[in-house]
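Given next are the chains, with one letter for each unit.
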Amino acid sequence: MAEPDDFVVTPYEVRGKIDYTRLREQFGTEEVTAQVLARIHHLAGGELHPLLARGIYYSHRDLVALLDGYANGRPFFLYSGRGPSGPLHTSHLVPFDLCVWFQRRLGIPMYIQITDDEKFWAKGGLTREETAQWGLENLYDILALGFDPKRTHVFFDSRSISALYPLAIRVARKITFSNVKAVFGFTPSTNIGLVFYTALQSVPCFWPSWAEGRAVPCLVPCGIDQDPHFRLTRDIAEGLGYPKPALLHSQMVPGLLGEGVMSTTGGRTDDALYLNDPPAVVERKLRAAFTGGRATVEEQRRLGATPEICSIWALWRTRFAESEAKFQEITRTCRSGELLCGDCKGELIERVHKFYEQHAAARDRVKSWAESTIVTSAPKPI
Ligand code: TRP
């Protein structure tokens, strides 16, 4: 059981210094081993996404069975989502970067859920107009990462409810109040929107099976904080006659200020790089970011720095070092003292500016087709 000064990881609260091995044991999930990675590498045609190669995706449920199925001619679909409580920051891209890669390598469908309802229920300070508006803004950012317009489908909760509801009715009957109370820590003052909400997060796992009238396997790449929702989904799947979704869990990216971890719902704005930060703000935040460096240049040259605790290294690791060679070089020269924090930050700032520029152009381009990905009708009335 968690101790008072320990870490807490639920969909609605991430706090403390997370011990990821212990978290995996507490949740009872499986480890992403070298053998699992070798399987993915093989199925993806001899390539491994950096988020997999660098251990950010470190935990799973039933991934091996899903890969076996794929190898035997049973393709799966991808599902992930976003609760639109504000602008995206770079760590919110972790699930979607991996999904784009899987979609490109395997040519499989992607389902994205935008939970404007959930964030309205969970966050006291936001209006309905705001969560809906952020939902659309976030969707543009997500699609701009390179999703295939023909194979990408979006459940924008408030607008897709008639497509989701026939299945949500069935899902909700299987989940009791004592289940959600135990899993999410709800109290008598939790609003009933949130009590119902988890049913809606389950629905996309089953939706293609329902639509196609056959068992279609599902893979959900997500932050490990989302696992509690999918434990419920998996518990009810068989009773509804659908396959249990497989899960692939990532670690949470540490904030720029370095203490503890950043919650998925945001927090202090200097703790993260928002995709709508102007270049000068990006530069200011990165210059002020916490590193694993030493007090003086002399000491750093002599003793080297500590990448594992550095928020700048975390950014290289999760997104900005595209090649393994680049990532290894940064890690090695950081540790040896050859690379100084100021230079490392300067190089990252350049890299981030370049990405923001490309991203802004891609984001403009998706606007013409984003609406067409939103699913608004059910495949059948009942
Ligand atoms: N609940 C998630 C959030 O707050 C949003 C979400 C919906 C999601 N469906 C998902 C996340 C599936 C991961 C996978 O951000």
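Structural notes, computed from the coordinates. Fair warning: this is a prediction, and the values are worked out from it, not measured in the lab.

## So, the site of the ligand
(1) Moving on: Lining the immediate environment of the ligand, one finds 15 residues, of which Tyr79, Gly83, Gln113, Glu118 and Gln201 sit closest.
(2) Moving on: A distance of 3.0 Å separates an oxygen atom of the ligand from a polar backbone atom of Gly83.
(3) Moving on: Within the side chain of Gln113, one N or O atom sits 3.0 Å away from a nitrogen atom of the ligand.
(4) Moving on: Protein contact buries 93% of the 360 Å² of open area that the ligand shows by itself.
(5) Moving on: Listing elements by their share of the shell around the ligand, those giving two or more residues are strand E5 (77–82), helix H6 (116–122), helix H10 (192–212) and strand E8 (218–223).
(6) Moving on: The biggest single contributor to the shell around the ligand is E5, with four residues.
(7) Moving on: Among the residues making up the shell around the ligand, the classes are represented as five nonpolar, seven polar and three charged.

## Some details on the packing of aromatic side chains
(1) Moving on: Scanning all chains against the criterion turns up 17 aromatic pairs.
(2) Moving on: Ring geometry for Trp207 against Trp210: centres 6.2 Å apart, planes inclined by 75 degrees, an arrangement best described as edge-to-face. Highlighted residues: Trp207 and Trp210, both in helix H10, separated by three residues, approximately one helical turn. We note that Trp207, like Trp210, is buried.
(3) Moving on: The ring of Phe355 has Arg319 sitting right over it, with the charged end atom 4.2 Å from the ring centre.

## Brief notes about helix H2 (residues 34–43)
(1) Moving on: When H2 is considered as a whole, its buried residues turn out to be Val36, Leu37, Ile40 and Leu43. For H2, the angular spread of the buried residues around the axis is 130 degrees, confining them to a single face. Seen from the buried face of H2, the exposed residues on the opposite side, beyond 90 degrees, are Ala34, Gln35 and His42.
(2) Moving on: Looking one or two places after H2, you find Gly45, whose phi comes out positive at around 80 degrees.

Each value, and the rule that gives it
Residues numbered from 1 in each chain as written. Predicted model: local features only at pLDDT ≥ 70, side-chain atom pairs only at ≥ 80, totals over all residues. Heavy atoms only, no water. Near = heavy atom within 4 Å. Polar contact = N/O pair within 3.5 Å; in protein donor to acceptor, adjacent residues only side chain to side chain. Areas by Shrake-Rupley, 256 points an atom, 1.4 Å probe, with all protein chains shown as cover. Helix = DSSP H or I, 4+ residues; strand = E, 2+ residues; numbered from the N terminus. Nonpolar A, V, L, I, M, F, W, Y, C, P; charged D, E, K, R; others polar. Phe/Tyr/Trp six-rings, centres within 6.5 Å; stacked < 30°, edge-to-face > 60°. Buried < 20%, exposed > 50% of the residue type's maximum accessible area, 1.4 Å probe, protein only. Lys NZ or Arg CZ within 6 Å of the ring centre and 35° of its normal. Arc of directions from axis to C-beta.

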